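Given next are the chains, with one letter for each unit.
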Amino acid sequence: MSNLDVNRLSDTLRPVFQAVLDHNPEQNEFHQAVYEVLLTIAPLVEKKPEYADLAIFDRIVEPERQIIFRVPWADDAKRIHVNRGFRVQFNSAIGPYKGGLRFHPSVNLSIIKFLGFEQVFKNALTGLPIGGGKGGSDFDPKGKSDAEIMRFCQSFMAELSRHIGPDTDVPAGDIGVGGREIGYLFGQYKRLANRFDAGVITGKGLDWGGSFARTEATGYGLVYFAEEMLKTRSTSFDGKKVVVSGSGNVAIYASEKAQQLGATVLAVSDSSGYIVDEAGIDLELLKEIKEVRRGRVSDYVEQRTDARFISSGSIWDVPCDIALPCATQNELPLEGAKSLIANGVTLVAEGANMPTTPDAIEALQAAGVAYAPGKASNAGGVATSALEMQQNSGRTQWSFDETDSKLHQIMVNIHHTAIETADEYGVEGDYVAAANLAGFVKVADTMVSYGLI
Ligand code: GLU
């Protein structure tokens, strides 16, 4: 990536990053994720000399294991297709590998590695005992029949099943993998293993080991975290104008919670464009379009004639107080950040993973916008997955309210950790540095305890 300046890294960390560049050519997203962490953890080089002595920096950027496999499947016309499957088991220092599966045509090793790397620190921040991993496929679920999705998921799991387990590696959903896919994946795992290992995958249906509030958790958790950020500025969601990119699970439930707290959600988007509804997005309609019909946001304006669908331009041009990028990586570039700043945005919190480009983050921070990285603000999804694992171990199921209040407390705790860490390292107001430092120290100290493995 052209805007990753190696010279800004400290003398100890520059060769670590150079080795990442040399060993992983063309993996731009992975480079970006590693660079951001190395740039912000510089204070640890002096504070924790054992990290360099024990090559913790070099070890932590190398996945423990990377699996790439063939996924053959037949479409409804009996034509055979071959996709590529991935599972990157990045770090298991503090618990079994944990992280979602993404099915999207853009998926490649770089994307799965950046997601797996970020997951390591995000999961550490939750305060729960989960390591980091990520997987997926370049399979495109768009336009596929249920039967095709099922056959793909079964073929994918035929190989993945050898590598996962409730105490080894616990996948879940991500882009393109929701309740339907988790059902097909878990059913196939159960058949192959001949065991009802409920804790082998999270995001399950409520009748077969799933957790209440898991569907809502990433979006709700994002808003709980943003609410804590707003409190530090003596304000709240009440009366605020909010723009949310994306229209998947994270975007829908972030919008729902923001509305419950008195905000107006003006806009949401998908890859074809964005819709603006000045009266506030009608979430029942949006859920029906996206979750039931599996349609496009443009369908919304057919039923809400006051709303507009815009297929060109950028959702970040819609004036708002709060922006929640909840679609995908690098969806909020510098121009978008400039436009948000010009229109008076006060807070940006990430629901997606790495949606804001490095130059956009710097612009937002320089303008005094409160900015939260996904590692902290979207950790509610995986945290509730860990709560699902706890329920599975105890063969129990908690109520919605009980689970939601645990989620809320976890997000409050992550925010508290970020504030304390920022204070400790003298980086007040910098949630990026605080999240990276807090997550990194926890994993690195554990790796030190284990010796050289
Ligand atoms: N894919 C989600 C994330 O990015 C959730 C992972 C999980 O629940 O394991 O954190």
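Residues numbered from 1 in each chain as written. Predicted model: local features only at pLDDT ≥ 70, side-chain atom pairs only at ≥ 80, totals over all residues. Heavy atoms only, no water.

A. Quick look at the pairing of strand β3 (residues 97-103). Of all 7 residues in β3, 7 are buried; the element is thus mostly enclosed. Here β3 pairs with strand β5 (residues 169-172) via 4 bridges, running parallel. Residue pairing across strands places K98 opposite V170, the latter belonging to β5. The sheet contact formed by β3 and strand β4 (residues 132-137) spans 3 bridges and is parallel. The residue of β4 that forms the bridge with F103 is S137. The handedness of the β3 to β4 crossover, carried by helix α6 (residues 109-125), is right-handed. (Buried < 20%, exposed > 50% of the residue type's maximum accessible area, 1.4 Å probe, protein only. Helix = DSSP H or I, 4+ residues; strand = E, 2+ residues; numbered from the N terminus. Pairing = 2+ DSSP bridges. Right-handed = clockwise from strand over helix to strand, strands pointing away.)

B. Representation of the packing of aromatic side chains within the structure. Using the criterion set out here, one finds 22 aromatic pairs in the structure. Ring centres of F121 and F440 lie 5.8 Å apart, and the angle between their planes is 15°; this geometry places the pair in the stacked category. In this pair, F121 sits in helix α6 while F440 sits in helix α18 (residues 431-450), placing the two residues 319 residues apart along the sequence. Of the two residues, F121 and F440, neither departs from the other in class, the shared state being buried. Both rings, one in F225 and one in Y431, keep their centres 5.9 Å apart while their planes meet at 70°; by these two values the pair is edge-to-face. Here F225 is found in helix α9 (residues 214-232), whereas its partner Y431 is found in helix α18, with 206 residues between them in sequence. (Phe/Tyr/Trp six-rings, centres within 6.5 Å; stacked < 30°, edge-to-face > 60°.)

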